Amino acid sequence: MPDATAPAKGTLPEGARSEADASRQVREMFTQIAPRYDLLNHLLSLQLDRLWRARVARRLRAILSRPEALVLDLCCGTGDLAFSLSRSARARIVGADFSHAMLVRALAKSRSLPTSGAHGALPMPLFEADALNLPFADASFDLVTTAFGFRNLANYEVGLREIHRLLKPGGTLAILEFTEPPTGLIGDLYRWYFRNVLPRIGAFLSGDNSAYNYLPASVSRFYRPSELASLMSAVGYQSVDHSAWTLGTVALHTGVK
């Protein structure tokens, strides 16, 4: 159950003066790093990102196993979570992201995957769209997922309300996001790595200094799990829950419409 009050806020890259400016900066950043995005994700997470996505797929198996279910992977980036969900799913899965460059890479990866699942047809349907104003009808989806993208929205409350609009009654939201572990030896070591080592490696490999300085700042600004749970409840989600994984460095948040 939520145990904290969460003020409304959104991501705020350095120098951004409005929500529109924040969205523009984040989109430009992902356009710049798209060519090396997958490599950096796997390298900087020590390959744990693959395990996290597979664990999400296992947790959502009951919905994914339904052939009539429709699933949206929001802020899908290059498609890693969508593809992880689809490997054993019978549900129909589509992806959406606001970065054209990331979707181009997702499409290329989709075409290289073996056909599987009840709906089989590849490439996977992908939509270029703003997460705060999505081009889908009310009550369209049985499940909306997002992995490491929700944190980049310019307004978290608006994002939660837009997802709520898209979900069918009884539909589920699942957000996988970074979080900061509690104070202590592990937490302090994590923060030191995340704020000092990771940005330098990421900047060197991606050629974009701003992107990997933005990453730890965005995680620090983002809600703690209890805060996000409070906001989800305030927006209208039921059965709100969260689970911290890998020594409290990531969390899976779930709620039902």
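Everything below is about the structure printed above this text.
All of these numbers come straight from a predicted model, not from anything done at the bench.

Quick look at the packing of aromatic side chains
Here the structure, examined in full by the defined rule, presents 13 aromatic pairs. Each ring, one from Tyr156 and one from Phe222, has its centre 5.1 Å from the other, and the planes form 90°; the classification is edge-to-face. Placement of Tyr156 in helix H7 (residues 156-166) and of Phe222 in the loop between helix H9 (209-221) and helix H10 (225-235) is noted, with a sequence separation of 66 residues between them. As far as burial versus exposure is concerned, Tyr156 and Phe222 are alike and both buried. Seen in terms of ring centroids, Tyr190 and Phe194 are 5.0 Å apart; in terms of plane orientation they differ by 20°. Their pairing is stacked. Of this pair, Tyr190 and Phe194 both sit in helix H8 (residues 185-206), 4 residues apart, which is roughly one turn of the helix. This pair shows no difference in class: Tyr190 is buried, exactly as Phe194 is. Members of the aromatic cluster, each reached through a chain of ring pairs, are Trp52, Phe148, Phe178, Tyr190 and Phe194.

Observations concerning the packing of H8 against H9
Running from N to C, H8 and H9 cross one another at 150°; their axes reach a closest spacing of 7 Å. With respect to H9, the element H8 is oriented roughly antiparallel. Here H8 runs over H9; the crossing is right-handed. Residues Phe194, Arg195, Leu198, Pro199, Gly202, Ala203 and Ser206 of H8 form the contact with H9, whose participating residues are Asn209, Tyr212, Asn213, Leu215, Pro216, Val219 and Ser220.

Here we look at the nonpolar core
Nonpolar side chains in soluble globular proteins tend to end up buried together. Ranked by internal contacts, the top residues of the largest apolar core, which has 43 residues, are Val56, Leu64, Leu85, Ile93, Leu176, Phe178 and Tyr212. Top element by residues in this core is H9. It accounts for 5 residues. When residues no more than four places from it in sequence are discounted, the contact partners of Phe178 are Trp52, Phe148, Arg151, Tyr190, Phe194, Leu215, Val219, Phe222, Thr249 and Val250. Core analysis: the second largest hydrophobic core is formed by 33 residues, Ala16, Leu72, Val94 and Tyr223 among them.

Each value, and the rule that gives it
Residues numbered from 1 in each chain as written. Predicted model: local features only at pLDDT ≥ 70, side-chain atom pairs only at ≥ 80, totals over all residues. Heavy atoms only, no water. Phe/Tyr/Trp six-rings, centres within 6.5 Å; stacked < 30°, edge-to-face > 60°. Helix = DSSP H or I, 4+ residues; strand = E, 2+ residues; numbered from the N terminus. Buried < 20%, exposed > 50% of the residue type's maximum accessible area, 1.4 Å probe, protein only. Axes fitted to C-alpha atoms, helices over the stretch in contact; angles between N-to-C directions. Parallel < 35°, antiparallel > 145°, perpendicular 65-115°, else oblique. Left-handed = near helix turned anticlockwise from the far one by under 90°. Contact = heavy atoms within 4.5 Å. Core = buried A, V, L, I, M, F, W, Y, C linked by side-chain atoms within 4.5 Å.

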